[in-house]
Amino acid sequence: MRHFNMLTDYDLNTFFKYSPVEFSRDSERETLGLALGAALYTPGSRPGFAARILAGDYTRGAFAGLATLIVCLEDAVADSELPWAEKNVAAQLKEIEKADYHGGNSDLALFLRVRDAEQLDRLICTAGSALSVLTGIVFPKCLPQNLMEFFPALDRASEAAGRFLYALPLLETKEVLYSETREQALQDIYDILRSELHRVLTVRVGATDFSSLYGLRRPVERTIYEVHVIRDCLTSVLNRFNRAEDGFVVSGPVYEHFSTANGGWMSSKPEKVLWEEVQLDVLNGFKGKTCIHPSQITIVNAGHIVSLENYEDAMLILSEGQKKNGVLQSPKRNKMNEVKPHLSWAKRIAAQAEVYGVLNENYQPIDVLNHIRAHQFSKQLL
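All figures in this text were calculated on a predicted structure; none of them were measured in a lab. (Residues numbered from 1 in each chain as written. Predicted model: local features only at pLDDT ≥ 70, side-chain atom pairs only at ≥ 80, totals over all residues. Heavy atoms only, no water.)

Asks: Quick one: what's the story with the overall build of the protein chain, residue by residue and with numbers?
Replies: A tally of helices and strands in the protein chain yields 15 helices and twelve strands. Taken over C-alpha atoms, the radius of gyration comes to 21 Å for the protein chain, in line with the 21 Å a tight globule of 382 residues would show. If one aligns the C-alpha atoms of the protein chain with their principal axes, the spans along those axes are about 60 × 55 × 40 Å. Sorting the 382 residues of the protein chain into buried and exposed places 54% on the buried side. (Helix = DSSP H or I, 4+ residues; strand = E, 2+ residues; numbered from the N terminus. Rg over C-alpha atoms; globule rule 2.2 N^0.38 Å. Buried < 20%, exposed > 50% of the residue type's maximum accessible area, 1.4 Å probe, protein only.)

Structure, rendered in structure tokens:
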């Protein structure tokens, strides 16, 4: 897998000083967690999703650039469809296993979102070794009580799969949202996840579930950061889980609007607001984002490309940080670089640059995004 693999070598040389590197589900935890990028859900009740995965349908056309696909058995599946959906997921995973998908240089990291540990145990019985096609399991509505059930179930799933499966805990309950219970809930969840850090790929947040607890739904023209009661909760989550010394990766919340416009550049309100929100995500420390429509994929991933200026500052800090402390003049001579306070930032920029690439001088992420969109639009016209 490699981000922006829809670009030609000529495109890569034009836009990137350092192109994104390849990664796989066997990459180091920190690298893989950062590389998940835009994560798209598909309902577990959808027939034939295995055939679409094997045919490459989720990595080309409208889905070009997708690296993370999550098969959902929770909110995406109606209660009445659940027995069928569980059988369907088991059967589809067996099809993927039979085709040796990951042995053939797969382009997707696959995950499964379950409802509870009991459901995961049922799938262990029905899917068995086919769980090996997964990279990890999304744990919904995480609280200390169900986390203590999820991790033993994850052990059993890993044993059935014959490979290590990651946990992707999802924070979306009232205990995390309401101010009177938030800090204690986050502390208790943090204590458990910190003890299982090597198994936690990303910590995810459910802003839609949070909003529903107050009967709120943001309109298309507003970012989640303008819904202050949700913003405050997201800030607390980042304060707890995004500390440099811990090594968690925290993924951004979904933006639930999308555009049906077929233009070759970002012209619709949903696209513009999503682009703004991705910038705010990255600024505040989120990496990657849950998506609800394929049109969001390239917008999210492009928002993580590193500028040459940031990269050069980071490299200077990292190189000089091994020799001396103090203040360093930036290569652009336009800012102050302090080795000690900026060292953690520099390490994160270096990791992000490896996965998402570094732009050439005078290019911005929006240029790459517009180029990709224009190419997709031109193919639609053929």
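Asks: Give a detailed account of empty space enclosed by the protein, specifying residues and quantitative values.
Replies: Taken as a whole and judged by the stated rule, the model has one cavity of 30 Å³ or more. When its volume is computed, the largest cavity comes out at roughly 70 Å³. Looking at the largest cavity, the residues that line it are M1, R2, H3, N5, T59, G65, L66, A67 and D107. Of the residues in the lining of the largest cavity, the class split is three nonpolar, four polar and two charged. (1 Å grid on protein atoms, 1.4 Å probe; cavity = no way out; pocket = protein on both sides within 12 Å on 5 of 7 lines; lining within 4 Å. Points joined across faces, edges and corners; volume = space filled by probe spheres on them. Nonpolar A, V, L, I, M, F, W, Y, C, P; charged D, E, K, R; others polar.)

Asks: Describe the sheet that holds strand β9 (residues 289–291), listing the residues and the values that go with them.
Replies: Read from one edge of the open sheet, eight strands run β8-β7-β6-β5-β4-β3-β2-β9, paired in parallel fashion. The sheet terminates laterally at β8 (250–251) and β9, the two strands that pair on one side only. Bridge analysis of strand β2 (residues 38–43) against β9 gives three bridges, and the strand direction is parallel. Within β9, the position partnered with A38 by the bridge is K289. On top of the sheet, helix α6 (residues 144–161) reaches β5 (136–139) and β6 (166–171); it is set at about 165° to β5, its chief contact. (Pairing = 2+ DSSP bridges. Contact = heavy atoms within 4.5 Å. Axes fitted to C-alpha atoms, helices over the stretch in contact; angles between N-to-C directions.)

Asks: So, helix α4 (residues 82–98): which residues are in play, and what are the values?
Replies: Between the first and last C-alpha of α4 there are 24 Å, a value that for 17 residues agrees with the 24 Å anticipated at 1.5 Å per step. For α4, the set of buried residues is L82, A85, E86, N88, V89, A90, Q92, L93 and I96. At its buried positions, α4 is contacted by α3 (49–55), β3 (68–72), β4 (109–113) and α5 (117–127). One or two positions beyond α4, positive phi appears at D100, with a value near 55°. (Expected span 1.5 Å × (residues − 1).)

Asks: Residue-level account of the pattern of salt bridges, with values.
Replies: Counted by the stated rule, this structure contains 26 salt bridges. A salt bridge links R113 to E172, with the nearest nitrogen and oxygen atoms 3.7 Å apart. Here E172 lies in the loop between β6 and α7 (174–177) and R113 lies in strand β4, a separation of 59 residues in the sequence. For the pair shown, R113 and E172 are each scored as buried. Note that E271 is salt-bridged to R373, the shortest N-O span being 2.3 Å. Taken as a pair, E271 in helix α11 (residues 269–284) and R373 in helix α15 (residues 365–381) lie far apart in primary sequence, 102 residues in all. Each of the two residues, E271 as well as R373, counts as buried. By sharing partners, the salt bridges in this structure join E74, D75, R113, K141, E172 and D209 into a single network. (Salt bridge = Lys/Arg side-chain N within 4 Å of Asp/Glu carboxyl O.)

Asks: Quick one: what's the story with the side chain of R199, residue by residue and with numbers?
Replies: Structurally, R199 is set in the loop between α8 (179–195) and β7 (203–205). Judged by relative accessible area, which is 8%, R199 ranks as buried. Within the structure, R199 has its side chain in polar contact with the side chain of D155 (distance 2.3 Å). If we skip the residues at most four places from it in the chain, R199 touches F151, L154, D155, F164, Y166 and A167. (Polar contact = N/O pair within 3.5 Å; in protein donor to acceptor, adjacent residues only side chain to side chain.)

Asks: Please give an account of the packing of aromatic side chains that cites residues and values.
Replies: Counting across every chain of the model gives eleven aromatic pairs. When the centroid spacing of 5.2 Å and the interplanar angle of 75° are considered together, the rings of Y58 and F63 count as edge-to-face. Here the aromatic cluster, defined as three or more aromatic residues joined through ring pairs, consists of F139, F150 and F151. Positioned over the ring face of Y58 is R52, at 4.6 Å from the centre of the ring. Against the face of Y190 rests R240, its NZ or CZ located 5.7 Å from the ring centre. (Phe/Tyr/Trp six-rings, centres within 6.5 Å; stacked < 30°, edge-to-face > 60°. Lys NZ or Arg CZ within 6 Å of the ring centre and 35° of its normal.)

Asks: Tell me about the packing of α4 against α5, and name the residues and values.
Replies: Packed helices, taken two at a time, are described by the angle between their axes plus the distance between the axes. With their axes 9 Å apart at the nearest point, α4 and α5 run at an angle of 45° to one another. Between α4 and α5, the angle is such that the two are oblique. Relative to α5, α4 is oriented so that their crossing is right-handed. The residues of α5 that touch α4, namely those facing L82, E86, V89, A90 and K94, are Q119, R122, L123, T126 and A127. Taken together, the residues of the contact of α4 with α5 break down into five nonpolar, two polar and three charged. (Parallel < 35°, antiparallel > 145°, perpendicular 65-115°, else oblique. Left-handed = near helix turned anticlockwise from the far one by under 90°.)

Asks: Describe in detail the pairing of β6, supporting the description with residues and values.
Replies: The buried fraction of β6 is high, at six of six residues. Across four bridges, β5 lies against β6 in parallel orientation. Considered in β6, the bridge of I137 is made with A167. Once the chain exits β5 it traverses α6 before rejoining the sheet at β6, and the crossover so formed is right-handed. Examined bridge by bridge, β6 and β7 share two bridges and lie parallel to one another. If you follow L170 over to β7, its bridge partner there is R204. (Right-handed = clockwise from strand over helix to strand, strands pointing away.)

Asks: Account for α5, with residues named and values stated.
Replies: Every α-helical turn comprises 3.6 residues, leaving residues that sit three or four positions apart pointing alike. Considered for burial, the residues of α5 that qualify are A117, Q119, L120, L123, I124 and A127. Looking down the long axis of α5, one finds its buried residues gathered within 155° of arc, a one-sided arrangement. The exposed residues of α5 that point more than 90 degrees off its buried face are E118 and C125. In this fold, the buried residues of α5 make contact with α4, β4, β5 and α6. Downstream of α5 by one or two residues, G128 has phi in the positive range, about 55°. (Arc of directions from axis to C-beta.)

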